[in-house]
Amino acid sequence: MADLRRRAPTGRGPGARTTSGSGRLARYGLREVDRAARLLTGLGLWDPDTQTPVDDPAASVLSALSQVGDPDLALVSLDRVADAAGREPLVAAVREDRHLRDRLLGVLGASAALVDDLVANPDTWRDLCTGGPVEDLPCCEDLQAELLAAVGAPAGGEPTWGSGGARARGAGPDVVADLRAAYRRRLLLLAARDVTGVQDVESVAAELADLAGATIAAALAMAAADLPPDAVPARLAVIGLGKCGGRELNYVSDVDVLYVAEPATPDGDVPAALRTATTLATHLMRICHTVAWPVDAALRPEGKDGPLVRTLASHEAYYVRWARTWEFQALLKARPLAGDRELGDAWCAMAEPLVWKAADREGVVADVQAMRRRVEASLPAREADRQLKLGPGGLRDIEFAVQLLQLVHGRTDETLRSGSTLTALRALIDGGYIGRRDGDSLADSYRFLRTVEHRLQLQRLRRTHTLPADEAGLRWLAQALDFRPDSRGDVVAVFTAERARYAREVRRLHEKLFYRPLLEAVARVPSEALRLTPEQATARMGILGFADPAGALRHLEALTGGVSRRAAIQRTLLPAMLQAFSDAPDPDAGLLAYRQVSDMLGRTPWYLRLLRDEGLVAVRMAQLLGTSRYVADLLGRDPEALQLLADDAELMPRSAEALRQSLRTAVGRYGEPVAAVAAARALRRRELLRIASADLLGLIDGDAVGQALSDVADAVLDAALAVAQRSVAAARGVTELPMRIAILAMGRLGGQEVGYGSDADVMFVHEALEGAAESDAAAAASAVAEELRRLLSVPAPDPPLGIDASLRPEGRQGPLSRSLGSFRAYYRRWSSVWEAQALLRARVVAGDEDLARRFTAVADPVRYPEGGLPVSGVVEIRRIKARVDNERLPRGADPATHTKLGRGGLADVEWTVQLLQLRHAHEVPALRTPRTLEALRAAVDAELVTEPDAAALAAAWRLATRVRNATMLVRGRPSDQLPRHGRELVGVTRAVGRPAGADPGEFVDDYLRTMRRARQVVERVFYA
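Residues numbered from 1 in each chain as written. Predicted model: local features only at pLDDT ≥ 70, side-chain atom pairs only at ≥ 80, totals over all residues. Heavy atoms only, no water.

Let's talk about the state of the cysteines
Per the counting criterion, the structure on display carries zero disulfides. Lacking any disulfide linkage, Cys288 is separated from the closest cysteine sulfur, that of Cys244, by 10.0 Å. Judged by its relative accessible area of 1%, Cys288 falls in the buried class. (Disulfide = S-S within 2.5 Å. Buried < 20%, exposed > 50% of the residue type's maximum accessible area, 1.4 Å probe, protein only.)

The structure is reproduced here in structure tokens:
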């Protein structure tokens, strides 16, 4: 909260040296200095000859005067009160009694309305003296007894009203004036404690509510005295709502109530008793309006269209059948205020369970959010920035956020069931529903806003929540709040800056809490599911889909057991997360992974705060862990990456250039090769988690997944090559190796179509530097390639990136790296058709760019043969394909659902496209691409394949690729076989983007149909 401290005294004592009397008085904050000098002289506090206070006690009075909100108003008011009360005794008391001085001047400078009361009641100032009643903080019962006595009614009142039983005086003008005087006297004492800082804003608001309740009790007694003698006896209870119900009332505010009545006896006449009660309620409202403030019963059932008074049964029937969400929200603050206490308690006992049952309604969160938006929309734009209550960053933002959290979480946590905003906020903090820092900030902001509101209303005792529009009004308010000038400017500038700061913070936290995704998720969990016996909880786990309910319950007990704050926050999170786990294909695995991550990060300050405050993270985490063992493994190795889930932008794959730069920087920090590559692999692990999460959450499509995974692999190879060259050079004791080297991507990496389980198919090409021996260059290049493979295979907590160089000339029998000349000679004399086919996907990944370009010039004539692939080559390709189909399919694999080698699968589509490239790329430049779908599009444009046939091939390739990736995500290990049944099939169905509850059998049928169509095209295009 702002530093609302007393301003330092600006006056000076006798003998102070200043330039003039006017200057001296101005330093006390007085603007009308001539009038001030005259009034102070008349009060015996100022010496006009020396232009100084007459003595030290007088200087103390001026010093105290300088600290009030409006010193000029306070001085004029002091003169008025002195005239009415007698100058000599009042001035003497003010000079000698420090507490009286601070209280009286504080009130005189803060409230013109209370000045009038002091003038009208000349002896009232004595109540502010040291030892006076101002120093006794009254309880609710004391206030009620005092105000009842003012109208001639005994404390406790009557249990029933009617039949001439009332003993108070009737509501004649004198009695109303007596009640008003008693009310204003108590208001004066409270204001004196308030402006001097004896009471904080919370206790001031509570006492104002108690004073309102006492006033209503006295008005009820007066109304009962005016009943006709034949009035049928009735019991009437006044239920406080809103700020009065929550004991957080303003100085001037409508007091929200509703009325419940019953006949005086069980067999009494209900309609007649209601007529008596209605008369009482109506008369009570008129009295209170005259004495203090309006009593508003518009929150009653049916609002202003409904009867003013209802029976208990009528209230219950309405709330059970007809009440809307906002009406139950209003009842959060309900409490008996006056009248028949037993009846009031019975009404509360009826209403409270209905409030928390209503929180189970579908859409309760959306209803409360919509109401807040309607309130904002109804506010005139010209007032929004000056509104303390309804404007953005105002009191309503805090109250609505707190009340929504109460409605959702208070269903099972009774500590949250308070009508007081600050009390509820403390309980929300203690229960872990709001972060301590956020909660403290909201509470601080609430106190600041309520203090500002109190000062505004106290000035003239008028109902207002709007800041002054004029400079003078803002200056008075800032001074009344004890702001002081600082580097930001004068008191107005300082107050304006502080108020803007609080408004920004409140709005930020309101949007963070009020629109928290976790709220929606928790609200969807039925209350009965939140409070279960162990046996019921085990059964509930089974209903939610956990295969091992007892095991799931053990995880829950481990997470939520004890009284620690971590356990409290877990108790907040888990109801919603269990729903998310239950929607996932494997709830048991998800909950186990969640417990493991929580065990690792439970003591990390940001972890549970992130899950609670960024509710999207908790729900996403449950969804991912319950779907993907791959993600669970990655998160277990890098739990801090969980923070990526808070922002969609953070889950988007990074660009290829950014990845290369990041990994190059990472490896550059380490001199030791294993540590350097370990850093690159750790970054790869983070990127794999980013991509997998975005994939499973539907933020990117399958084509983007392949590109992103390929970019990551490229960056790792680029960084690892730099480390391997540095390592080999260091081992040989040289600063430069005798060759240049490049890495060529082959296979799926070359086509930038990498899957989660793909190895990196590569070839290494080198060239001796000028003057270096070919043998030395070959040995160094092979050493670099071997070192790169070794570094990337060192055991580490990362998914492996296997380096497969078997597509090089002579396969595993050939040298790991060849010179450019050796490649040229080999391809000219020895290369086979399958090697030309493999070169279709060759792409430069890392190393010397000029060498790579020259390798491409060597490879192009081989993969794009002049005149196209001869008939013998076509026959050979088809023969190899048939052999692959017959021999490579794993034993027991289902050819209909094998994503790679099955009918219509990846191999079918890729071989078909590659055959078109081998035959026609020499005359269709667009076919010269390592990417399958790009080549297929080029074949359509060149009319080598029809649009429908290409669409069938593309659909099969995309679906098979997606299923292959999904299988890896679900199982956590590579597989080319679509699962046949069970949770893995359900997981794959979800991982490819089908909604929760989608029929896995229907998905399998779609897969088979898509593959059959592709196979028919393959038969026509590849084998024709």
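Focus on the packing of helix 43 (residues 947-971) against helix 45 (residues 1000-1021)
Across the interface, helix 43 lies against helix 45 with an axial gap of 8 Å and an inter-helix angle of 135°. Compared by their axis directions, helix 43 and helix 45 come out oblique. By crossing handedness, the relation of helix 43 to helix 45 is classed as left-handed. Residues Asp949, Ala952, Leu953, Ala955, Ala956, Leu959, Ala960 and Val963 of helix 43 touch helix 45, and the partners they reach there are Phe1003, Tyr1007, Thr1010, Met1011, Arg1013, Ala1014, Val1017, Val1018, Arg1020 and Val1021. Tallied by class, residues from the contact of helix 43 with helix 45 come to 14 nonpolar, one polar and three charged. (Axes fitted to C-alpha atoms, helices over the stretch in contact; angles between N-to-C directions. Helix = DSSP H or I, 4+ residues; strand = E, 2+ residues; numbered from the N terminus. Parallel < 35°, antiparallel > 145°, perpendicular 65-115°, else oblique. Left-handed = near helix turned anticlockwise from the far one by under 90°. Contact = heavy atoms within 4.5 Å. Nonpolar A, V, L, I, M, F, W, Y, C, P; charged D, E, K, R; others polar.)

Re the pattern of salt bridges
Under the counting rule described, the total for this entry stands at 73 salt bridges. Here Arg417 makes a salt bridge to Glu352, at a shortest N to O gap of 3.9 Å. You can see Arg417 sitting in the loop between helix 18 (395-409) and helix 19 (421-430) and its partner Glu352 sitting in helix 15 (residues 341-358), a full 65 residues away along the chain. Asp850 is the salt-bridge partner of Arg853, the closest N and O atoms lying 3.8 Å from each other. With a gap of three residues between them, Arg853 and Asp850 both fall in helix 39 (residues 849-863), about one helical turn apart. By relative accessible area, Arg853 is classed as exposed at 53%. (Salt bridge = Lys/Arg side-chain N within 4 Å of Asp/Glu carboxyl O.)

Brief notes about the packing of aromatic side chains
Per the stated rule, a full pass over the model turns up 14 aromatic pairs. Put simply, the rings of Tyr318, Tyr319, Phe328 and Trp347 touch in pairs and so form one group of aromatic residues. One Lys or Arg, Arg501, reaches over the ring of Tyr502 and ends 4.6 Å from the middle of that ring. (Phe/Tyr/Trp six-rings, centres within 6.5 Å; stacked < 30°, edge-to-face > 60°. Lys NZ or Arg CZ within 6 Å of the ring centre and 35° of its normal.)

Quick notes on unusual backbone geometry
Look at Gln51: it is not a glycine, yet its phi comes out positive at around 55°. Inspection of the secondary structure assignment puts Gln51 in the loop between strand 1 (46-47) and strand 2 (52-53). Owing to a relative accessible area of 23%, Gln51 belongs among the partly exposed residues under this scheme. Look at Asp482: it is not a glycine, yet its phi comes out positive at around 65°. For Asp482, the position within the fold is in the loop between helix 21 (471-480) and helix 22 (491-514).

Some thoughts on the nonpolar core
Core analysis: the biggest nonpolar cluster contains 169 residues, and Tyr594, Tyr607, Leu611, Met621, Leu717, Leu788 and Phe855 have the highest contact counts within it. If one sorts the elements of this core by residue count, helix 34 (residues 702-732) sits on top with 15 residues. Not counting chain neighbours up to four residues away, the residues in contact with Leu788 comprise Leu717, Ala720, Leu721, Ala724, Ile743, Phe764 and Ile803. Counting residues in hydrophobic clusters, the runner-up holds 105 residues, among them Trp125, Leu284, Cys288 and Trp293. (Core = buried A, V, L, I, M, F, W, Y, C linked by side-chain atoms within 4.5 Å.)

A few points about helix 27 (residues 587-601)
Across its 15 residues, helix 27 extends 21 Å between first and last C-alpha, which sits within 8% of the 21 Å expected from 1.5 Å per residue. All buried positions along helix 27 are accounted for by Pro587, Asp588, Gly590, Leu591, Ala593, Tyr594, Val597, Ser598 and Leu601. (Expected span 1.5 Å × (residues − 1).)

As for the packing of helix 33 (residues 673-696) against helix 36 (residues 774-793)
When two helices pack together, you describe them by how their axes are tilted relative to each other and by the distance separating the axes. It is the contact of helix 33 with helix 36, at a shortest axis distance of 9 Å, that shows an interaxial angle of 60°. Like other packed secondary-structure pairs, helix 33 and helix 36 cross with a definite hand, here right-handed. Contacts from Pro673, Val674, Val677 and Arg681 in helix 33 reach Glu787, Arg790, Leu791, Leu792 and Ser793 in helix 36. Looking at the contact of helix 33 with helix 36, its residues break down into five nonpolar, one polar and three charged.

Brief notes about the environment of Thr412
Summarising the element assignment, Thr412 is placed in the loop between helix 18 and helix 19. Placed 605 residues apart in sequence, Thr412 and Val1017 show a C-alpha to C-alpha distance of 61 Å.

A word on the environment of Ala960
Relative to the helices and strands, Ala960 resides in helix 43. A relative accessible area of 0% means that Ala960 is categorised as buried. When the C-alpha positions of Ala960 and Arg101 are compared, they lie 87 Å apart, and in sequence the two are 859 residues distant. Every residue in contact with Ala960, bar those within four places of it in the chain, is listed here: Thr899, Leu906, Tyr1007 and Met1011.

Shape is all these values report; function is a separate question.
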